[in-house]
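Coordinates in review
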Amino acid sequence: MNRKSLLLLLIVFLSVQVLHAQRAVVKGIVQDEEGQPIENVVIQVLDYNLQTITSDFGQFAINVPENVNFKLYFQQISHKDTIIEMRMKPKEAKNITVVLPTVGNRLEQVNIQSKGEHGYIRVDPKLSFQMPTPGGGMESLIKMLPGASSVNELSSQYNVRGGNYDENLVFVNDIQIYRPFLVRNAQQEGLSFVNTDLTGNVLFSAGGFEAKYGDKMSSVLDVQYKEPTQYGGSVSASLLGASAHVEGRVDSCFSFLIGTRFKSNAYLLKSMRMSGDTGDYKPRFFDTQMLLKWDINKKFSISLLGNVSLNSYIYQPSNKQTRFGIVNEFQQFTVYFDGQEVDRYANYLGGLTFSYKPDDRNLLKLIISSFYAKESETYDIQGQYWLSDINLDMGSGEVIETSVRGVGTYLEHARNHITSIVSAADFRGEHKLPAHNTLSWGVKVQNEIITDKIKEWTMNDSSGYTLPFINTPVGDSLPLDDPSRILTFGEDAYLVAQNHLNTFRFTGFVQDQWNIDGDSLTHYTLNAGLRFHYWTYSPKEVTVSPRLSFVYNPHWRHDWLFTLRTGLYYQPAFYREMRYTDGSLNPDILSQRSFQIVAGAEYNFQIWHRPFKFTAEAYYKHLDHLISYTIDNVRITYSGYNDSKGYATGLDMKISGEFIRGLESWFSVSIMDTKEDILDDYYYDQDGNRIEPGYLPRPTDQRVAFNLFFQDHIPGFPQFRAHLNFVFASGLPYGPTNGYAYQRVRDHDWYRRVDLGFSFMFLEQSRDRMRNKSKFIRSIKNAGVYVEVFNLLGIHNVSSYFWVSDIYNRQYAVPNFLTGRLINVKFAIEF
């Protein structure tokens, strides 16, 4: 190599080193067309090995070359790719604001992203329409997240890390939402409160949440409805219901958001006939919500949230035939019904929020809300059943031989009515202080008025079988009026009670968050808070809950983020937790308590030049003062005592990203172990030995859950898409209804379900052909047609069991199956 070549090589080498050593800085924020920050936007300097990702608030900072022209490339799956050409002087720092146009709209590209700074998951509500699930709604998305689970596609309820349905907090615009009291079966559930058409931002935490979020032990779902900036709306309809909404802004001081929904599960419940249920279901669920906001001036605003929900459920059972058992021991359970069930649920909510923002650093809010619910449950159902042993032709599945094991009749009666009024006044503030920290506080007073009238009984004459006939000596036969003919499924054959409750709760919190580095490249975030609760029903108890979270972003070569959250979480009894099984109330009930520690990690990376994210959280929860309970379908029956202690521990993992360019998919795995020890419980075995069971699986002990959501499209035709939803989860423990905890020795079969959807989207590529159309046609932003196949594999999952006994007092758990295979068609238009 000659001197000239060596000198040229040295100059090139030094130039490259100088270019990499000297960097200007571009900082800024990435927003959508409505001014909302966009997180997880991949920003690259083209032709240079320089890139970064926007924070959860859309902020970014990236080093760029100096004295040369370069291109900044912005990429995010639900927005158009954007390129900005720039040239920077040496050591220059420039702040910019980048607006990324949306690709289509909320019926199109959607995603779920992790909000790592405080251990929350930010959920995009638009995905609920694309995900093929029978229930739909926001809860369908939550069930697919790590740590959350459900083994009933008809229900909007979910368990989180070993907790039950009543351990989850739900807020809409800072107003707490309550679930119904009297719902027994998922078929009775109406529309969930959260209307995804109106929803703007959603945060979900599976544990270790901040002090501001109230007193529950499992999770929090924080929903904020949209603030419209222009006129718009949407209409959607399917074989399961319909919805519509309108939104707009009048001048610059008033905005409105109104939505209405109708749902009927009759078509869905017909698929249960394939499982032997031929009953006539007539569910009707309707609600209307609105959010009105007045901006009095730049500092003061008033908003009104209103909801009216009217639900009815009428069920006329006809007959039911269920086959169950193992290969060489099949049974058939046949029931012929008379009677009907009529349930009605009416809910009303109003919330008025006064907001005062004197400057950019201070915010005060006064929230006055009232919730009214009136529920009734009435039924008279008689069933005559045959329990038989059957022999099946394994080839055709036809019954070859039937041997009747027993015949019985049962009669169920209920006249249950409950009304509840929950009114609250909540005053809170937020202050941005020097040293990059934010102080938040709040005080709240809440009044609860509950009137409950219970009258229900069950008669079962299965102790007086007529078949098979047993020849007994004269005088030893069982007379028809023998009281032993009244046999119950538990210890409560006849339940009559009436309760009236009028109490006050006083709660408050204070918390501070420090961003130690204080800029867009924050290395540390510390959040510390304290919460208190006092209830006039339990005047001797005042709970104080310290909570702490710490976030560390090391800014290594790879984008890692680590979190540690811990705290004490109390859950004061509401109403059902304090009610004994005989209907009376426990005057000495205490708050359930949970000490939690959660350690998490997030890793952002790229594969095939596409963004991916891996998240993992390990947790441990020590539980005491627990109120034990049983679950039958979705009905929770509490013991009414602080009679147990327990724990929950596990690991949640998730990988999400663009497996197909422009469409996000993910899969998650959750592993958990949760057990409880009923205090002072024991039983005697057959040899008369006293046995103390110790720690036993809790009713929500789901060891493994695997969730997959995958999207794809036809190459060259992105309008045609496929959406796959797959759930594979271990079964929950169960035992005889109202039995003892040590009798929950069986596990449900694994819950396995595959839902498949196909969609055709009328995207922006078609708008050029619409320019000559009518004004109405041009106003349509997007439209989509969907075809969904629910339970593609036709698997008969089990929701609960009906327990019967034969003449030898051997008990059989007869499964109640969930929905079968079904096709649904829906369409949606946004304008």
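In short, a report on the structure. (Residues numbered from 1 in each chain as written. Predicted model: local features only at pLDDT ≥ 70, side-chain atom pairs only at ≥ 80, totals over all residues. Heavy atoms only, no water.)

Our focus in this paragraph is the overall build of the protein. When helices and strands are counted, the protein shows five helices and 45 strands. Counting every position in the protein, which comprises 831 residues, the buried fraction comes to 53%. Accessible area for the protein stands at about 37,600 Å²; split by element, carbon and sulfur atoms hold 57% of it. (Helix = DSSP H or I, 4+ residues; strand = E, 2+ residues; numbered from the N terminus. Buried < 20%, exposed > 50% of the residue type's maximum accessible area, 1.4 Å probe, protein only. Areas by Shrake-Rupley, 256 points an atom, 1.4 Å probe, with all protein chains shown as cover.)

For the rest of this paragraph, the subject is the sheet that holds strand β6 (residues 79–87). One open sheet accounts for four strands, arranged β3-β2-β5-β6; its pairing is antiparallel. Whereas interior strands pair on both sides, the edge strands pair on one side only; in this sheet they are β3 (50–53) and β6. Here the average twist between neighbouring strands, direction ignored, is 15 degrees. Note: strand β2 (residues 42–45) against strand β5 (residues 69–76), four bridges, orientation antiparallel. (Pairing = 2+ DSSP bridges. Axes fitted to C-alpha atoms, helices over the stretch in contact; angles between N-to-C directions.)

Another point: the environment of Y372. Following the sequence through the fold, Y372 ends up in strand β23 (residues 362–392). In this structure the C-alpha to C-alpha distance between Y372 and V422, which are 50 residues apart in sequence, comes to 6.6 Å.

On to the pairing of β3. Relative to β3, β2 runs antiparallel, the two sharing four bridges. Looking at the pairing, Q44 lines up with Q51 of β3. Hairpin connection from β2 to β3: four residues lie between these consecutive antiparallel strands, with D47 at a positive phi of about 75 degrees.

Another aspect to go through is the sheet that holds strand β4 (residues 59–64). The strand order β4-β1-β7 describes an open sheet built from three strands, whose pairing is mixed. Edge strands, defined here as strands with exactly one partner in the open sheet, are β4 and β7 (93–99). Within the sheet, the average angular offset between the axes of one strand and its neighbour, ignoring direction, is 25 degrees. Both strand β1 (residues 24–31) and β4 contribute to a ladder of six bridges, which runs antiparallel. When the bridges of β4 are listed, G28 appears paired with F60.

The next subject is the side chain of T133. Turning to its location among the elements, T133 is positioned in the loop between α2 (127–130) and α3 (138–143). Not counting residues within four places of it along the chain, the set of residues in contact with T133 comprises S140, N725, D755 and F790. (Contact = heavy atoms within 4.5 Å.)

A surface patch of nonpolar side chains, about 580 Å² in accessible area, is lined by V235, V246, I258, M290, F762, V785, F827 and F831. Here I258 shows up in strand β18 (residues 254–263). Look at I258 and you get partly exposed, because its relative accessible area is 35%. (Patch = residues over 30% accessible without salt bridge, like charges linked within 9 Å, V, L, I, M, F, W, Y side chains within 5 Å. Salt bridge = Lys/Arg side-chain N within 4 Å of Asp/Glu carboxyl O.)

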